[in-house]
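Below are the chains, spelled out letter by letter.
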Amino acid sequence: MDKFTIDNMNLYYGKFHALKDVTLHMPKNKITAFIGPSGCGKSTLLKSLNRMNDLVEGCKITGDIRLDGADIYGDIDINVLRKRVGMVFQKANPFPMSVYDNIAFGPRTHGIKKKSELDQIVEQSLRDAAIWDELKDRLKKSALGLSGGQQQRLCIARALAVKPEVLLMDEATSALDPISTGKIEELCLKLKDEYTIIMVTHNMQQALRISDNTAFFLLGEMVEYNSTDAVFSSPQDKRTEEYITGRFG
């Protein structure tokens, strides 16, 4: 079953045509990876899925983007959309507050005030992000004192705290060392039982290791989309083959 469907989508920044006629159906409880060289439109597409591009002046989108069949530009309130579709960025961005308050921030803004309930959400979110054991004695300490890998897993926990259905990950491991990257990849494989994950990655090995489906983008166009195995073992388009074999990009 498809979680997100994109049909004939075009995106413009002013006169610049950044995404061209993209049609892409992403299944529920799977990991979909977007790959391609820098500036090819993959992060732009990812940010359209929770309407973060609304914040960019002169951005215009045509076509159809649906979450569970509902039009995200017409049928769904933007605050509800962003609760259902969480996002983790390339650079960990913990708030300058305690570990506990970072995780409780989202639930509090959605009206959860009871300490026992917040305690439970904080613990569960940190467990879901596979970092509870590392942080359970540091809940009152500033999140800014954590290592880069811990900060990124904290940001994943913070995204999970409001119980989204989809997790968007924009190069979420590109600033991390191999061990932290491995932890986040393992985490993604566990999380897809409950969440749909859509990730932008520069790391083709990462797409190969953990994604179910891969879309290859080039100059704003989606060149190819298939199961990850098929894209990497028998690409249908010469440009895909050249990219994944390292002949450009």
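Owing to the predicted nature of the structure, the values given are computational and were not obtained by experimental measurement.

A.B. asks: Would you mind showing me how to read the overall build of the protein here?
C.D. replies: Of the regular secondary structure elements, the protein holds ten helices and ten strands. Taken over C-alpha atoms, the radius of gyration comes to 18 Å for the protein, in line with the 18 Å a tight globule of 249 residues would show. Here the C-alpha coordinates of the protein stretch approximately 55 × 40 × 35 Å along the principal axes. In the protein, which comprises 249 residues, the share counted as buried stands at 51%. Restricting to contacts in the protein with at least 6 residues of sequence separation, those with at least 24 account for 65%. Put simply, the protein has 33 plus and 33 minus side-chain charges, and the middle of one group is 5 Å from the middle of the other.

A.B. asks: Explain helix H7 (residues 178-191) to me, please; I cannot follow it from the model alone.
C.D. replies: Every α-helical turn comprises 3.6 residues, leaving residues that sit three or four positions apart pointing alike. Over its 14 residues, H7 runs 20 Å from end to end, which matches the ideal 20 Å to within 8%, given 1.5 Å per residue. Taken together, the buried positions of H7 are occupied by Ser180, Thr181, Ile184, Glu185, Leu187, Cys188 and Leu191. All buried residues of H7 fall inside an arc of 160 degrees around its axis, so they share one side. Structural note: H7 exposes Pro178, Ile179, Glu186 and Lys190 on the side pointing more than 90 degrees away from its buried face.

A.B. asks: In this structure, what is going on with empty space enclosed by the protein? I would like to understand it.
C.D. replies: The method is simple in principle: a probe with the dimensions of a water molecule rolls over the atoms, and the space it marks as empty is what remains. Following the criterion strictly, the structure yields one cavity of 30 Å³ or more and no others. Its boundaries defined by the atoms lining it, the largest cavity holds a volume of some 60 Å³. Looking at the largest cavity, the residues that line it are Met169, Glu171, Ala172, Thr173, Ile184, Glu185, Cys188, Met199, Val200, Thr201, Gln206 and Ile210. Elements with a minimum of two residues in the lining of the largest cavity: H7, strand E8 (196-200) and helix H8 (204-210). Broken down by element, the residue count for the lining of the largest cavity peaks at three residues, all from H7.

A.B. asks: In this structure, what is going on with the environment of Asp7? I would like to understand it.
C.D. replies: Along the chain, Asp7 turns up in strand E1 (residues 2-13). Residue Asp7 is classed as partly exposed on the basis of its relative accessible area, which comes to 23%. The spatial distance from the C-alpha of Asp7 to the C-alpha of Asp64 is 5.1 Å, given a sequence separation of 57 residues. The residues contacting Asp7, other than those within four sequence positions of it, are Val22, Thr23, His25, Gly63 and Asp64.

Here is what the cut-offs are and how they apply
- Residues numbered from 1 in each chain as written.
- Predicted model: local features only at pLDDT ≥ 70, side-chain atom pairs only at ≥ 80, totals over all residues.
- Heavy atoms only, no water.
- Helix = DSSP H or I, 4+ residues; strand = E, 2+ residues; numbered from the N terminus.
- Rg over C-alpha atoms; globule rule 2.2 N^0.38 Å.
- Buried < 20%, exposed > 50% of the residue type's maximum accessible area, 1.4 Å probe, protein only.
- Contact = heavy atoms within 4.5 Å.
- Lys, Arg positive; Asp, Glu negative; His and termini not counted.
- Charge placed at Lys NZ, Arg CZ, Asp CG, Glu CD.
- Expected span 1.5 Å × (residues − 1).
- Arc of directions from axis to C-beta.
- 1 Å grid on protein atoms, 1.4 Å probe; cavity = no way out; pocket = protein on both sides within 12 Å on 5 of 7 lines; lining within 4 Å.
- Points joined across faces, edges and corners; volume = space filled by probe spheres on them.

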